[in-house]
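Okay, here's what each chain looks like letter by letter:
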Amino acid sequence: MLATDLNRTSDDMMDGSVTIQLPVAEQARLNRERADTYHRYHIDAAETENRQKFPRRFNVKVGKIGLAKLLFTEFFKYFGHWDVVFSRPCTYGVFSGPVGGFSPRPDLCVGCLRCEVQHPEFVKVTHNPDLAAIGDSYLTSKHISTIDEEARKGTVPVRGQGYRGRFGGPGFDQMFTDMSEIVRPSRDGIHGRELIGTSVDLGSKPMSLKFDSNGGLLDAPKMMSIQVPFIYAPPPDSVSTGIIPEILAEAAGTVDTLVFLPENTVTNQGLASPNVVPMIAPGQIGNIESHGNGTRMVEMTSWNLDAWNQVKEHPLLVSVQLPLEGDWMSTMMEMVDNDVSIIHLISDHHGEADDGRFIMDLYQEAHFSLIEKGCRDEVTLIGTGGIAGADHLPKSIITGMDAVGLDHPLLIAMQARLLGDTKTRGAAGVKLPSKFDQEWAVQRILNLSCSWRDQLLEILGAMGVREVRRLRGEIGRAMWCGHLEAEAFGDIEGFPGGEH
Amino acid sequence: MAKEWPKPSPKLLEKTHHLMHDGFHQRAFPDTAYDLPEALGDARWTDELIASAWYMAETGECPDHLNYKTGRSGGGFDKLAFKELPTDQQLAADAEVDITLELNRRGDDRHKRTIDIPWYGGGMSYGSVSVNVMMSRALNAKKWNTLMSTGEGGYPPQLYECSDHVITQVATGYFGVEEKSIQAAPIIEFKYAQGAKPGLGGHLLATKAGEEVAKMRGSVPFVSLFSPFPFHSTYSVEDHMKHLDWIKTVNPTAMMSVKVSTPHDVDMVAVGSYYAGAHIVHLDGGFGGTGAAPEIAKKNIAMPIELAIPKVHKFMQTEGIRDNVTIIASGGVRTADDIAKAIALGADGCVLGTSDLVAMGCTRCSNCEGGPSGRGCPWGLTTTDTELQEWVQQAWGADRLDKYYTALASRLREILRELGLSNIGELRGRTDLLRYIAGGE
């Protein structure tokens, strides 16, 4: 900058209408200060071992007589060649205990099957039925295994070989996300050179800024940012008080996201903080005044116009829950007409509305209805329910959500077992590990959050999208298995709905 | 630093080879006392597909007792079947069927190459696999007058004896790229993306980047190597063309292959690649193999190859350039039936990767990246561990692949005869010869 520029104001250097009256030198100093204090957002993950044994993947059975025969034979056949005598068909240590294969260690088995292929006469490796039995039809044992690994390590699960599952599938599996072949520096973000933003704004984004004659901002927008596009949804009723809310509140504060908790829990356990959102019934909405300690937002647990009118102008942000039940769309439009700026769509834990429709369709309907109405940026949509894996996060955002609520996966991360009705919201029983403490549990949630954020970065990087806010509603970057199949196979005899 | 294991003694080699080879036999043949391992296989590569590959690799024939044609993924190739002609209209069993594939269709002055079978071996780098595995594939490619690709990890000196059958790959990390290996290759493959991790680049974990691997790649031993995505010099078709021109100055006769993934606009990418000068557009679908990839990428990013092929084929036809370029499909092509289906959907040929490894004993346990042991594949395939890599010997591997390819070629010819076709080229784009298996047939 030239010395003669030092007395100019920053608006002199712009041709727009923004009038920030700061001398350029002062502005430059502030910019430098900001740069000096800038720290790239990240979540501190740390390997955190399981507190209770997770079901192993495989069982290994070894026939003792067969093994004894083999050892006896090999001892004489390879006498003196001890490396051969003591060699074992496993590089993972399954047969490396004090008595070798006589007491195998199946916890170490990865299912390479070398032992069984080499010694079919006395070794058998089988899938562990105890692992298959965990979870339900939606949050499957595979999801739970993956979440357990993510919560333990805090990293992106990486493996060899290709995809092993179904071609497409129901629910989130029907979508493939796009990638960009040559463009973008954004991939560098994952390796640390350039930022891919994962922060999202909650609240009503003003369509224009208004300033007074002195350049001061009029009608400051009522909104806030969180660093990740996911929030922590309230835990099931059976653990909505006690240690679990405290863990979620601490983790939310560390991650800089929000946790939604029943108002009583927040009050009774003294959890009020900028990262805790008390959930208040419409009849008690007057309690909004009692939540201090930096509280930024409250949630009204159902739509009620009278209650809303009481808090509409309140300085705190107010979100309103909207279960995906009945004629939810009309209710949503009524809410929008009454200037509700944060709508929290709620489905059951399988991601279904009361009519059985899946959230991906409903999220799109909500998103496009607001676009049709011309107010999409004035409303924040949060979707909670049906998130069982890291890929569900970007897919929910692509279908129109600004942010997504995590529920049961948080409990799985804490090695909780879900009991009873795991589909109805809030109904599941929760059995926590016997050795359980807050520090351990918070770190497990941080790890899961870190892993899922990093996996979100992978998806964003592949797509060439540099901030998650731009992913919202990017249906054009989604590929639907059904559509692609119709395009590819439509002219093939027998294809349902095809030309033949 | 990772532990260097001692090379196995001759006696240990003898024992391990005997047990492994006998094991593959025991599990693949119907006359033995043992069932298929209960934990073997998955929806895409079923236990029967894996065992049938072992059977083919030992006998050179397709098994009667196993389903060697399709998996159970419930879509794509697994939902397609051929409309065989009535027996009396099929070609005679001894009728000549031409399955050769001409790769250079641009009519330019570059290398002309016809391979004897409509597939070749996909890129697997030195580091992700051992020299023994690379050489097994290269020797087999030489025998079959086809090709295999180096992947991005350099060109081990042993490969030069097969150099006319080795594609040199140039990828985003430029690992091991040398003038000499570019000059030796009949085809240079630019890898823009890989189906299993599209848009994410490559990653060789530290435990697999040992002394020799690091030397080949010009890196530090036992340090993780990232091959970042994308090419940072390429932001347009014109930039891509500069890449190809750069290769041309080093090797004026080499054909150019461009390996891309399957995004939404894969058709446009393919056309752009052609106009930049590619002879081969290599489409790598989302379900392809890898030595290491984020699990989230494998299923979710980019489309399966079955859905990309017709899109590209039809668009290139519309553009009037289809006959000037060779489309090669990979990423989930497992069997001879898959190869034929890919061609019927519009490809000219295919690339096999995982199938080669399965033929040599892979059980798809997914520990290629190192696994909990950090040593890599316990079968000696995707590892450079001093001991483990000896489980696969070059002659044995090449022989397995030779027999496996014999069975694939035989089955491919059988399919063509059943369709009344005498040339593989006649199958291209013939979706009218396919039928979709609705429901659970």
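Since the structure is predicted, the reported quantities are computational estimates derived from the model, not experimental observations.

### Thoughts on the overall build of chain A
A tally of regular secondary structure across chain A gives 15 helices and 19 strands. When contacts within chain A are restricted to residue pairs at least 6 apart in sequence, long-range pairs at least 24 apart make up 59% of them.

### Quick notes on the overall build of chain B
A count of helices and strands for chain B gives 12 helices and 15 strands. For chain B, the C-alpha radius of gyration of 21 Å lies close to 22 Å, the compact-globule estimate for 441 residues. Each principal axis of the C-alpha distribution contributes one length, and for chain B these read about 60 × 60 × 40 Å. Taking all 441 residues of chain B together, the buried fraction comes to 63%.

### A short note on the nonpolar core
In terms of nonpolar packing, the biggest core is built from 258 residues, with Val259(A), Ile445(A), Leu283(B), Ala329(B), Ala342(B) and Cys350(B) touching the most fellow members. Of the residues forming this core, the biggest block, 13 residues, is contributed by helix α14 (residues 438-463) of chain A. Two domains share this core, each providing at least three of its residues, namely domain 1 (58-131) and domain 2 (186-206 + 222-485) of chain A. When neighbours within four sequence positions are excluded, Cys350(B) is seen to be in contact with Pro118(B), Trp119(B), Ile328(B), Ala329(B), Ser330(B), Val333(B), Ile339(B) and Ala342(B).

### With respect to the domain arrangement of chain A
Per the domain assignment, the segments of chain A are domain 1 (58-131) and domain 2 (186-206 + 222-485). For domain 1 of chain A and domain 2 of chain A, the distance between their C-alpha centroids amounts to 49 Å.

### So, the environment of Ile359(A)
For Ile359(A), the position within the fold is in helix α11 (residues 359-373). Leaving out residues up to four positions away in the same chain, Ile359(A) has contacts with Ser347(A), Gly351(A), Gly383(A), Gly385(A) and Gly386(A).

### Topic: the pairing of strand β7 (residues 187-191) of chain B
Residue and element names in this part refer to chain B. The element β7 is extensively covered by neighbouring structure, given that 5 of its 5 residues are classed as buried. Alternating residues of β7 divide into Ile187, Glu189 and Lys191 and Ile188 and Phe190, and every residue in both groups is buried. Across 4 bridges, the pairing between strand β6 (residues 166-171) and β7 is parallel. Its bridge partner being in β7, valine 170 is matched across the sheet by phenylalanine 190.

### Describing the environment of Cys112(A)
Tracing the backbone shows Cys112(A) in the loop between α3 (82-85) and α4 (114-118). A count of 27 C-beta atoms within 10 Å places Cys112(A) in the buried class.

### A short note on α11(A)
All names here are of chain A. When the terminal C-alpha atoms of α11 are compared, their 21 Å separation across 15 residues agrees well with the 21 Å that a helix rising 1.5 Å per residue should span. Residues of α11 that are buried include every one of Ile359, Met360, Leu362, Tyr363, Ala366, His367 and Leu370, and no others. Buried positions along α11 lie against α10 (328-337), β14 (342-346), β15 (380-384) and α12 (392-398). Two residues or fewer past α11, glycine 374 is found with a positive phi of approximately 80°.

### Overview of the interface of chain A and chain B
With 68 residues of chain A at the contact, the number on the chain B side is 88 residues. For the side of chain A that touches chain B, the secondary-structure elements that each account for two or more residues are α3, α4, β2 (123-127), β3 (158-159), β4 (175-177), α14 and α15 (481-489) of chain A. The greatest single-element share of the side of chain A that touches chain B, amounting to 6 residues, is contributed by α14(A). Classifying every residue of the side of chain A that touches chain B gives 32 nonpolar, 18 polar and 18 charged. Sheet topology places β3(A) next to strand β12 (residues 293-294) of chain B; 2 bridges connect them, and they run antiparallel. Within the sheet, the bridge partner assigned to Val158(A) lies in β12(B) and is Pro294(B).

### Thoughts on the environment of Thr254(A)
Looking at the secondary structure, you find Thr254(A) in helix α7 (residues 243-255). Sequence separation between Thr254(A) and Asp44(A) is 210 residues; the distance between their C-alpha atoms is 9.0 Å.

### Side note on the confidence of the model for chain B
Per-residue pLDDT for chain B averages 93, and the proportion of residues at 70 or more is 99%. At the level of chain-chain contacts, confidence expressed as ipTM amounts to 0.93, with global pTM at 0.92.

### Side note on the packing of α7(A) against α14(A)
All names here are of chain A. Interhelical geometry of α7 versus α14 gives an angle of 50° and a closest axis separation of 9 Å. Regarding the angle of α7 to α14, the classification is oblique. As α7 runs across α14, the sense of the crossing is right-handed. Where α7 approaches α14, its residues Ile243, Glu246, Ile247, Glu250, Ala251, Thr254 and Val255 are matched on the opposing element by Gln438, Ala441, Val442, Ile445, Leu446 and Ser449. For the contact of α7 with α14, the residue count by class is 8 nonpolar, 3 polar and 2 charged.

### A word on the packing of helix α7 (residues 266-276) of chain B against helix α9 (residues 305-319) of chain B
All names here are of chain B. Following both chains from N to C, one finds α7 and α9 inclined at 50°, their axes separated by 8 Å at the closest point. One way to sum up the angle between α7 and α9 is to call them oblique. Crossing hand, α7 versus α9: right-handed. Contacts between α7 and α9 involve Val266, Asp267, Ala270 and Val271 from the first element and Ala308, Lys311, Val312, Phe315, Met316 and Glu319 from the second.

### Some points on unusual backbone geometry
Residue and element names in this part refer to chain A. Positioned with a positive phi, leucine 113 is a non-glycine residue whose angle comes to about 70°. As for its placement among the helices and strands, leucine 113 is situated in the loop between α3 and α4. Overall, the presence of 27 C-beta atoms within 10 Å leaves leucine 113 in the buried class.

### Digging into the confidence of the model for chain A
Per-residue pLDDT for chain A averages 91, and the proportion of residues at 70 or more is 90%. A low-confidence stretch, residues 1-20 of chain A stays under pLDDT 50, and its non-local contacts, those more than four residues away or across chains, total 25 contacts.

Definitions and limits used
Residues numbered from 1 in each chain as written. Chains lettered and ligands numbered in written order. Predicted model: local features only at pLDDT ≥ 70, side-chain atom pairs only at ≥ 80, totals over all residues. Helix = DSSP H or I, 4+ residues; strand = E, 2+ residues; numbered from the N terminus. Contact = placed C-beta atoms within 7 Å. Rg over C-alpha atoms; globule rule 2.2 N^0.38 Å. Buried ≥ 20, exposed ≤ 12 C-beta atoms within 10 Å, placed from the backbone. Core = buried A, V, L, I, M, F, W, Y, C linked by C-beta atoms within 7 Å. Domains from an automatic or database assignment. Pairing = 2+ DSSP bridges. Expected span 1.5 Å × (residues − 1). Nonpolar A, V, L, I, M, F, W, Y, C, P; charged D, E, K, R; others polar. pLDDT = per-residue confidence, 0-100. Axes fitted to C-alpha atoms, helices over the stretch in contact; angles between N-to-C directions. Parallel < 35°, antiparallel > 145°, perpendicular 65-115°, else oblique. Left-handed = near helix turned anticlockwise from the far one by under 90°.

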